[in-house]
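Remarks on the overall topology
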Amino acid sequence: MPQTKYIFVTGGVMSSLGKGLAAASLAALLQARGFRICIRKLELYLNVDPGTLSPYQHGEVFVTEDGTEADLDLGHYERFTGRNAEKADFFTTGKIYAEIIERERRGDYLGGTVQVIPHVTDIIKKFITSHADHFDFVLHEIGGTVGDIEGAPFLEALRQLQNDFGKHRTFFVHLTYLPYVKTAGELKTKPTQHSVKTLLHAGIQPDLLLCRCEIPLSESVKNKLALFCNVPAEDVIAALDVNNIYRVPMNYSLERFDERVCSHFKLSTKEHTFSQEWLERWAELNDRIENAPHEVAVALVGKYTELPDAYKSIKEALVHAGAHNNVRVNILWCNSETSPDILAEIQGADAVLVPGGFGQRGTENKIKATQWVREQKVPFLGICLGMQLALIEVFRNIAHVEANSTEFDPETPNPVISLITEWKNNDGTLSKRHAKVDLGGTLRVGAYPCLLAEGSKAREAYQTDHISERHRHRYEFNLPEFGETLKDLGLTISGTSPDGRLTEIIERTDHPWFVGVQFHPEFKSRPIEPHPLFASFIQAAFACKQRKKR
Ligand code: GLN
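The notes below deal with the structure included here. (Residues numbered from 1 in each chain as written. Predicted model: local features only at pLDDT ≥ 70, side-chain atom pairs only at ≥ 80, totals over all residues. Heavy atoms only, no water.)

**Some remarks on the overall build of the protein chain**
Helix and strand counts for the protein chain stand at 18 helices and 25 strands. Scaling as 2.2 N^0.38, a compact globule of 550 residues should have a C-alpha radius of gyration of about 24 Å, and the protein chain matches this with 25 Å. Scored against the burial criterion, the 550 residues of the protein chain give a buried share of 56%. Across the protein chain, the fraction of contacts at a sequence separation of at least 24, relative to all contacts at a separation of at least 6, is 72%. Entry remark: accessible area of the protein chain is about 23400 Å², with carbon and sulfur atoms responsible for 50%. Looking at the protein chain, you have 62 positive and 71 negative side-chain charges, and the mean spots of the two groups are 3 Å apart. (Helix = DSSP H or I, 4+ residues; strand = E, 2+ residues; numbered from the N terminus. Rg over C-alpha atoms; globule rule 2.2 N^0.38 Å. Buried < 20%, exposed > 50% of the residue type's maximum accessible area, 1.4 Å probe, protein only. Contact = heavy atoms within 4.5 Å. Areas by Shrake-Rupley, 256 points an atom, 1.4 Å probe, with all protein chains shown as cover. Lys, Arg positive; Asp, Glu negative; His and termini not counted. Charge placed at Lys NZ, Arg CZ, Asp CG, Glu CD.)

Right, here's the structure in full:
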């Protein structure tokens, strides 16, 4: 078996340059040449995982099949390569230190002093190289920007790895930024020169510079960067701004990024030819995204709408579903917490989506919006908390009882949504918790199976009766107490756990498209394969728009 090769993507000058997208796009190109790839993220922060982080800090928490709560970049990796990420593909400084401290307490260091070099760097190297054997390339995106204090042990570990493996098995991509100075009329290279110097201080010479810029890179700028940063001019690659992120892999390919990587590893591009099928599929996708003849407006009623990254996967799932239906989806970002008149904000929408969330803030406006779509027959997709609130809404406004989730009111007389104390895991084992005490680490998280009812919208959308979807929540519909009443309120349960105890999907029978799901379908949507529920939801939104016109 050929030896695994390691590609590292570091960031220079500033954050938000799209390192995740860059890593995902390169991986997609190598995959299109027939290589087996895997992408990982190394986060610099001290949190063990982002599970408890506010979405305002790092955007959405992405959930993998195996229940890892990870950075949103893993979403890019999955969407661009179609490969499901795993636990081994995400680690943080916090996770590394947690392991060191556990080892130290166990006495594993046999009285030795525990130090950054070699103990921390050894564990970083162990994470980087674990479960890597069956891939041709393992790409690692290093969080933050070179020069960050937290990043020092990581860069040191990478330097050592290059020494351990040799240059023929490692490749360093440095993503940097060339600011365009209007008054001078040129792209400036100095910030990049400085950031490469910082990398050199850490003992790392980048092999390739990927340069984010607003205007095309001229040959003279490329030559200047090559001269000052010790790389061949062919390895200075432009990463021009784009309006459609799914353009990035093709743009890189035109710049011969993947060819340069192959050339470094002495892999023949004639032998590893580019998949024509991949090229055609992505070209068609981009054409559909950029030239959609119609558009629809979807109101997204959420708490973190000021930072669209908090809903990254939903946003992308809507793009995929739009491309599939030949419509451009315009998202109306409606803040459920601060809006003084939520109904005025969603008036013009062809469909409404209420995403997941934790905590009570903003829930009353979400309930109001849900009542409006129910009455006005506007398509509705409620995700996780969105489904829970759709249930509370009908108990309050049709059954006229005081109803709530015990998450918001533990003493509510009608706990329509409540904590379950026992559930079955995928391996058949039972998880238990005490309703009053356990909160931390007790989420139902990761992929769980679900059975779909015959004749339902869900079944029609999925075209199958057995699905698996990713979860991240603590509370559930209180089926034993309130299941009976649902029919009278116009709702049916169209998806359940295989044992029938957990409600996974609800729908309205008297409505063109009203679906609530306890899971997060957005995590499994792919540009080439849009998620069936999102595709069906956008189709319904377009039909609603046509109805309004008549
Ligand atoms: N807060 C709700 C729960 O814990 C919903 C979570 C979510 O929307 N992801 O069950």
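This is not the end of the story, as more comes after the structure.
**Structural notes on the pairing of strand 14 (residues 351-354)**
Burial along strand 14 is two-sided: the residues Ala 351 and Leu 353 and Val 352 and Val 354 are all buried. Two elements, strand 12 (residues 294-302) and strand 14, share three bridges in a ladder whose sense is parallel. Bridging across to strand 14, Ala 299 finds its partner in Val 352. Pairing geometry for strand 14 and strand 15 (residues 380-383), over three bridges, is parallel. Residue pairing in the sheet places Leu 353 in a bridge with Leu 381 of strand 15. Regarding the hand of the β-α-β motif, the stretch spanning strand 14, helix 14 (residues 363-376) and strand 15 is right-handed. (Pairing = 2+ DSSP bridges. Right-handed = clockwise from strand over helix to strand, strands pointing away.)

**Regarding the environment of Gly 322**
As for its position among the elements, Gly 322 is in helix 12 (residues 312-325). For the pair Gly 322 and Ile 506, spaced 184 residues apart in sequence, the C-alpha to C-alpha distance is 23 Å. Those residues within four positions of Gly 322 in sequence are excluded, and the remaining contacts are Val 327, Val 329 and Ile 538.

**Things to note about the packing of aromatic side chains**
If you walk through the whole model with that rule in mind, you get 19 aromatic pairs. Plain terms: the ring middles of Phe 395 and Phe 482 are 5.4 Å apart, the flat faces sit at 80 degrees to each other, and that makes the pair edge-to-face. Taken together, the residues Phe 395 in helix 15 (residues 385-397) and Phe 482 in helix 17 (residues 479-482) connect sequence positions 87 residues apart. The pair Phe 395 / Phe 482 is uniform in exposure class, with both members buried. Ring pairs connect the aromatic residues Phe 80, Tyr 246, Phe 274, Trp 278 and Trp 282, which therefore count as one cluster. (Phe/Tyr/Trp six-rings, centres within 6.5 Å; stacked < 30°, edge-to-face > 60°.)

**Let's talk about helix 15**
Here helix 15 spans 18 Å end to end across 13 residues, near enough to the 18 Å set by a 1.5 Å rise per residue. Most of helix 15 is tucked away, with eleven of its 13 residues classed as buried. Within the sequence span of helix 15, burial applies to Leu 385, Gly 386, Met 387, Gln 388, Leu 389, Ala 390, Leu 391, Ile 392, Glu 393, Val 394 and Phe 395. (Expected span 1.5 Å × (residues − 1).)

**Let's talk about helix 14**
Its 14 residues give helix 14 an end-to-end C-alpha distance of 20 Å, which sits within 8% of 20 Å, the value for a rise of 1.5 Å per residue. Within helix 14 the residues assigned to the buried category are Thr 363, Asn 365, Lys 366, Ile 367, Ala 369, Thr 370, Trp 372, Val 373 and Arg 374. Two residues or fewer past helix 14, Lys 377 is found with a positive phi of approximately 60 degrees.

**Structural notes on the sheet that holds strand 14**
If you trace the nine strands from one edge of the open sheet to the other, you get 13-12-14-15-25-24-23-20-21, paired in mixed fashion. Across the chains shown, the open sheet's two edge strands, defined by having one partner strand only, are strand 13 (327-335) and strand 21 (466-473). Between one strand and the next, the sheet's axes are offset by a mean angle of 25 degrees, whatever the strand orientation. (Axes fitted to C-alpha atoms, helices over the stretch in contact; angles between N-to-C directions.)

**Here's the deal with the site of the ligand**
The local shell around the ligand consists of Gly 356, Gly 357, Phe 358, Cys 384, Leu 385, Gln 388, Glu 407, Arg 472, His 473, Arg 474, Tyr 475 and His 520. Here an oxygen atom of the ligand sits 3.0 Å away from a polar atom, N or O, in the main chain of Arg 474. Isolated, the ligand exposes 290 Å² of accessible area, and the fraction of that covered by the protein chains is 99%. Listing elements by their share of the shell around the ligand, those giving two or more residues are helix 15 and strand 21. Its residues assigned to classes, the shell around the ligand shows four nonpolar, five polar and three charged. (Near = heavy atom within 4 Å. Polar contact = N/O pair within 3.5 Å; in protein donor to acceptor, adjacent residues only side chain to side chain. Nonpolar A, V, L, I, M, F, W, Y, C, P; charged D, E, K, R; others polar.)

**Comments concerning the pairing of strand 11 (residues 236-240)**
Most of strand 11 sits inside the fold, with four of its five residues counted as buried. Pairing analysis gives five bridges linking strand 10 (residues 208-213) to strand 11, with the strands arranged parallel. Its bridge partner lying in strand 11, Cys 211 is registered against Ala 238. One crossover worth recording links strand 10 to the parallel strand 11 by way of helix 8 (residues 219-229), and it is right-handed.

**Here we look at the pattern of salt bridges**
Tallied over the entire structure, the rule returns 39 salt bridges. Here Arg 260 makes a salt bridge to Asp 235, at a shortest N to O gap of 2.6 Å. One end of the pair, Arg 260, is in helix 10 (residues 257-264); the other, Asp 235, is in the loop between helix 8 and strand 11, with 25 residues separating them in the sequence. In this structure Asp 235 comes out as buried when scored by relative accessible area, which is 7%. When the shortest N-O distance is used, the salt bridge between Lys 312 and Asp 309 registers 3.5 Å. Judged by relative accessible area, Asp 309 falls into the partly exposed class, the value being 32%. Overlapping salt bridges, with partners in common, bring together Lys 41, Glu 43, Asp 71, Asp 73 and Glu 141 in one network. (Salt bridge = Lys/Arg side-chain N within 4 Å of Asp/Glu carboxyl O.)

**Here we look at unusual backbone geometry**
For residues besides glycine, phi is generally negative; the peptide bonds are generally trans as well. In this structure, Pro 118 follows Ile 117 across a cis peptide bond, with omega equal to 10 degrees. Considering the arrangement of structural elements, one finds Pro 118 in helix 5 (residues 116-129).

**Focus: the environment of Lys 545**
Mapping Lys 545 onto the fold places it in helix 18 (residues 532-549). Here Lys 545 falls in the partly exposed class, since its relative accessible area comes to 23%. When the C-alpha positions of Lys 545 and Ala 351 are compared, they lie 8.8 Å apart, and in sequence the two are 194 residues distant. With sequence-adjacent residues up to four places away left out, Lys 545 is seen in contact with Glu 295, Val 296 and Asp 350.

Note that every value here comes from positions in space, so none of it alone points to a role or purpose.
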